[in-house]
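Close look at the chain arrangement
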Amino acid sequence: MIYNFMVTRSIKSPEMARNELQHSFDKSYELYNYLLKLIIDLTDLQDRNLDEAKHKFLPTREDLYPNTKFVDNKLVALLRENEQLQHYIQEHKLSWKDNEIFLKLMLNKIQESDIYKEYMDNDCCDLDGDCYLWKQLFKRLLIDDEDLLEELENQSMYWSCDDLDFMGQFVIKTIKRFNDGDKNPIMPQFKDQEDADYGAELFSATLSQEDLNTATIEKFIDSRHWDSDRIALIDRVILLVALAEVRTFEKIPTTVTLNEYIEIAKSFSSPSSSSFVNGVLNAAFRDLKNSGVIWKP
């Protein structure tokens with residue numbers, strides 16, 4: 001949302017910008033499915049490795065009788081069988097198999113990790129343990145892996161460190177849903193229609209209210225500490241979107257909006273931005289309540 005409002009300054013048509021926003025939502029959901037597919041493709045690679053080892057000219061006993069616990073992982077079997085995931089994968093033609101060099105790199109990192117070694121040394125074979133393996137691999141290895149991030153960034157301008165972290169957390173939640181026996185473990189792109197409409201509605205409100213909310217921002221900038229002409233663009237956009245949300249969405253409490261955009265400022269702007277955003281929004285929200293523009297808590 002923040003990024004897409006900023007790019008409207010270089011896009012002539014607001015409609016084009018809204019389409020760009022929707023496309024970014026679609027790409028985020030694609031990344032979620034793509035990361036689930038990574039689990040399957042890494043498993044398939046190891047399965048091929050084990051099969052090739054059996055057919056070496058002079059195979060060892062270990063080659064002939066390998067430990068197949070990793071390739072027999074029950075979570076992976078459930079991912080293969082899930083119709084929703086497989087339909088999405090086929091429809092969007094998602095696969096890592098064309099980049100076998102990268103897959104080998106990631107598989108080597110997994111096999112060298114303590115997570116993998118502990119898993120393979122454990123004789124217990126059940127869904128709990130199989131799900132735990134992949135939850136730990138995402139938490140402790142894959143989400144922060146620089147090679148995975150670089151590969152994703154090379155594939156799409158919409159995939160960044162924040163996207164990998166966010167969608168990686170969704171993958172972890174999905175693994176838990178499989179482990180809990182959820183009938184619909186694959187998470188939908190949007191929770192419901194209201195959730196699906198939220199981004200576009202907030203985007204439109206931010207554009208239509210820009211002059212109004214700019215005036216509000218100017219009113220509450222302390223000129224002793226902040227020069228309004230030198231406010232970073234990202235900070236101004238954060239304030240504009242936050243004010244649009246608090247004016248437009250009656251069901252979202254002001255405290256929720258305030259806390260959310262302070263966190264956004266911490267993540268996407270300078271170290272001092274969160275205190276600046278906090279100060280301006282607190283004053284603006286209080287004024288909007290006192291003047292009867294908003295009535296919610």
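Residues numbered from 1 in each chain as written. Predicted model: local features only at pLDDT ≥ 70, side-chain atom pairs only at ≥ 80, totals over all residues. Heavy atoms only, no water.

Some words on helix H4 (residues 74-81)
Among the residues making up H4, those that are buried are Leu75, Val76 and Leu79. Buried residues of H4 fall within an arc of 100° about the axis and therefore sit on the same side. Among the structural elements, helix H2 (14-54), helix H5 (83-92), helix H8 (127-142) and helix H10 (161-179) are those in contact with the buried residues of H4. One side-chain oxygen at the N-terminal end of H4 lies 2.9 Å from the backbone nitrogen of leucine 75; it belongs to asparagine 73. (Buried < 20%, exposed > 50% of the residue type's maximum accessible area, 1.4 Å probe, protein only. Helix = DSSP H or I, 4+ residues; strand = E, 2+ residues; numbered from the N terminus. Arc of directions from axis to C-beta. Contact = heavy atoms within 4.5 Å. Polar contact = N/O pair within 3.5 Å; in protein donor to acceptor, adjacent residues only side chain to side chain.)

Concerning a negative patch on the surface
On the surface, Asp47, Asp51, Glu52 and Asp72 cluster together into a negatively charged patch. Of note, aspartate 47 is situated in helix H2. A residue is classified by how much of its surface remains accessible, and aspartate 47, at 42% relative accessible area, is partly exposed. (Patch = residues over 30% accessible without salt bridge, like charges linked within 9 Å, V, L, I, M, F, W, Y side chains within 5 Å. Areas by Shrake-Rupley, 256 points an atom, 1.4 Å probe, with all protein chains shown as cover. Salt bridge = Lys/Arg side-chain N within 4 Å of Asp/Glu carboxyl O. Lys, Arg positive; Asp, Glu negative; His and termini not counted. Charge placed at Lys NZ, Arg CZ, Asp CG, Glu CD.)

Examining the side chain of lysine 37
If you trace the backbone, lysine 37 turns up in helix H2. Its relative accessible area of 9% is what places lysine 37 among the buried residues. Beyond its immediate stretch of four places on either side in the chain, lysine 37 contacts Ile89, Leu94, Ser95 and Trp96.

As far as function goes, none of this settles anything; it's purely spatial.
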